[in-house]
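Listed below, chain by chain, are the residues.
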Amino acid sequence: MSNYKLANKENWKGRSSNQQLYLHEKVEFSSIKEPFTATNTKTIALLGYSSDEGVKRNLGRVGAAMGPNAIRKQLAKMANHLIPNTQLVDFGNLECLDENLEKLQADVSSSVTTLIQNKIIPIILGGSHDLAYGHYNGLVTHLKSGEKLGIINFDAHFDLRANTNGNNSGTPFYQIAVEQEAQNEEIKYMALGIRKDANTTELFDFAESKKVNYLLQEHFSINYLEHVQLRLIQFMEDVDYIYTTIDLDGFSSAFAPGVSAASPMGFYPDVVLESLKLIVESGKLLGLDVVELNPTYDIDDQTAKLAASLVHYVIHKL
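Residues numbered from 1 in each chain as written. Predicted model: local features only at pLDDT ≥ 70, side-chain atom pairs only at ≥ 80, totals over all residues. Heavy atoms only, no water.

Q: If you had to explain the UniProt feature "binding site: Mn(2+) 1" (unreviewed entry) in the protein chain to someone new, which residues and values would you point to?
A: Residues given the UniProt feature "binding site: Mn(2+) 1" (unreviewed entry) here are His-129, Asp-155, His-157, Asp-159, Asp-247 and Asp-249. These residues run over 121 residues, yet every pair of their C-alpha atoms falls within 12.1 Å of each other. Along the chain, the position of Asp-155 falls in the loop between strand 6 (149–154) and helix 6 (172–182). Overall, Asp-155 belongs to the buried group, its relative accessible area being 0%. Every residue in contact with Asp-155, bar those within four places of it in the chain, is listed here: His-129, Leu-192, Gly-193, Ile-194, Asp-247, Asp-249, Gly-250 and Phe-267. Checked against the element boundaries, His-157 lands in the loop between strand 6 and helix 6. (UniProt positions renumbered as here; feature names shortened; annotations may be inferred. Helix = DSSP H or I, 4+ residues; strand = E, 2+ residues; numbered from the N terminus. Buried < 20%, exposed > 50% of the residue type's maximum accessible area, 1.4 Å probe, protein only. Contact = heavy atoms within 4.5 Å.)

As structure tokens, then:
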């Protein structure tokens, strides 16, 4: 397995109540290498993808390897409203060893498979967006014959770049699309918040050729909420399960300055929260990740707090 490190309990600090009023008092710890059986009605796993090798290969600004622990530190201080029979377990971090991104993606996949087989809901903290390829492949093992796993990606970018020169943060959905095609299947992929200034015509053409559902950034806003919801419902009706991935660089830098590729032209948290509500309430959410947090460029931990708030929202809606 890639360089694996157990969770650092020092990341989980905050006010003390002795009543589990805060998440740092609720969280438990385990190892992905050891057998773990969910003992409660619902068990949620946190696993870090502590790598920005994919961003480096994609010529982006590095620093996202520190993202998982930055999210944990903010999540730790947040209020706990989980019901008593819900477990929140931190399984630590997977790191990229010897720049071997492909091995790391394979290890993420096997880790997610282990969690799913134990009826544990995986939430992966990134780290660069190349984790999506491994996360998706780990979730697919849960499917029965004929079942479909849909991808919903909140992002400014399609991440459909060809991996001719190796995998990177811009290639995960291309990899999935190509592998689905080899199996005579179509990728079930919806991208929300796509920006024309951040994707070439070649990428738009490829997305069209693969029948990718997408909403441009100017239409992914609270002003178009009914349209957004309709598109989401239509997409989700056509699949059995949903894998949701949130790329923080899709948000406006007013909310998310600390990312690998910041822009003021992104979307707002309100429409993302409304979309997540719909996704969770569908009962089809199988796995979630939050990616591209780059603490090096964050301001007052604003982006880390946004990422933690998104995770907080989802785990309490599940």
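The structure having been displayed, the exposition proceeds.
Q: With reference to specific residues and values, describe the side chain of Asn-153.
A: Tracing the backbone through its elements, the reader meets Asn-153 in strand 6. Looking at Asn-153, its side chain comes within polar contact range of the side chain of Asp-155, at 3.2 Å. Not counting residues within four places of it along the chain, the set of residues in contact with Asn-153 comprises His-129, Phe-158, Phe-173, Tyr-189, Met-190, Ala-191, Leu-192, Thr-245 and Asp-247. (Polar contact = N/O pair within 3.5 Å; in protein donor to acceptor, adjacent residues only side chain to side chain.)

Q: So what's going on with the UniProt feature "binding site: Mn(2+) 2" (unreviewed entry) in the protein chain? Residues and values would help.
A: Annotation from UniProt places "binding site: Mn(2+) 2" (unreviewed entry) at Asp-155, His-157, Asp-247 and Asp-249. The largest pairwise C-alpha distance within this set of annotated residues, which runs over 95 residues, is 8.8 Å, so the set is compact in three dimensions. Mapped onto the fold, Asp-249 is located in the loop between strand 9 (241–247) and helix 9 (269–281). Residue classification places Asp-249 among the buried positions, given a relative accessible area of 3%. Each residue touching Asp-249, except ones within four places of it in the same chain, is listed here: Asp-155, Ala-156, His-157, Arg-195, Val-259, Ala-261 and Glu-292.

Q: Quick one: what's the story with unusual backbone geometry, residue by residue and with numbers?
A: The bulk of non-glycine residues show a negative phi, and the bulk of peptide bonds are trans. Gly-126 connects to Gly-127 through a cis peptide bond whose omega is 10°. One non-glycine residue, Leu-59, lies in the positive phi region at around 65°. Position of Leu-59 among the secondary structure elements: in the loop between helix 2 (53–57) and helix 3 (67–76). Positive phi is not limited to glycine here, since Asn-184 has a value of about 60°. The topology assignment puts Asn-184 in the loop between helix 6 and strand 7 (189–194).

Q: Describe the confidence of the model for the protein chain, with residues and values.
A: Mean pLDDT over the protein chain stands at 96; residues scoring 70 or higher make up 100%. Per-residue pLDDT, averaged within each element of the protein chain, yields its smallest value for strand 1 (residues 3–5) (95) and its largest for strand 6 (99). (pLDDT = per-residue confidence, 0-100.)

Q: Residues and numbers for the packing of aromatic side chains, please.
A: Under the counting rule described, the total for this entry stands at 10 aromatic pairs. With 5.2 Å between their ring centres and 90° between their planes, Phe-220 and Phe-267 make a pair best called edge-to-face. You can see Phe-220 sitting in the loop between strand 8 (213–216) and helix 8 (225–237) and its partner Phe-267 sitting in the loop between strand 9 and helix 9, a full 47 residues away along the chain. Like Phe-267, Phe-220 is buried. Of note, Arg-61 hangs over the ring of Tyr-297, and the distance from its end group to the ring centre comes to 3.8 Å. (Phe/Tyr/Trp six-rings, centres within 6.5 Å; stacked < 30°, edge-to-face > 60°. Lys NZ or Arg CZ within 6 Å of the ring centre and 35° of its normal.)

Q: How would you explain the environment of Asp-130 if you had to name every residue and give the values?
A: With respect to the helices and strands, Asp-130 occurs in the loop between strand 5 (120–126) and helix 5 (131–140). Taking the C-alpha atoms as reference, Asp-130 lies 13 Å from Glu-99; in sequence the two are 31 residues apart. Ignoring sequence-local partners within four residues, the contact set of Asp-130 consists of Tyr-49, Gly-54, Val-55, Leu-101, Gln-105, Asn-168, Ser-169 and Pro-172. At 2.7 Å, the side chain of Asp-130 and the side chain of Ser-128 are in polar contact.

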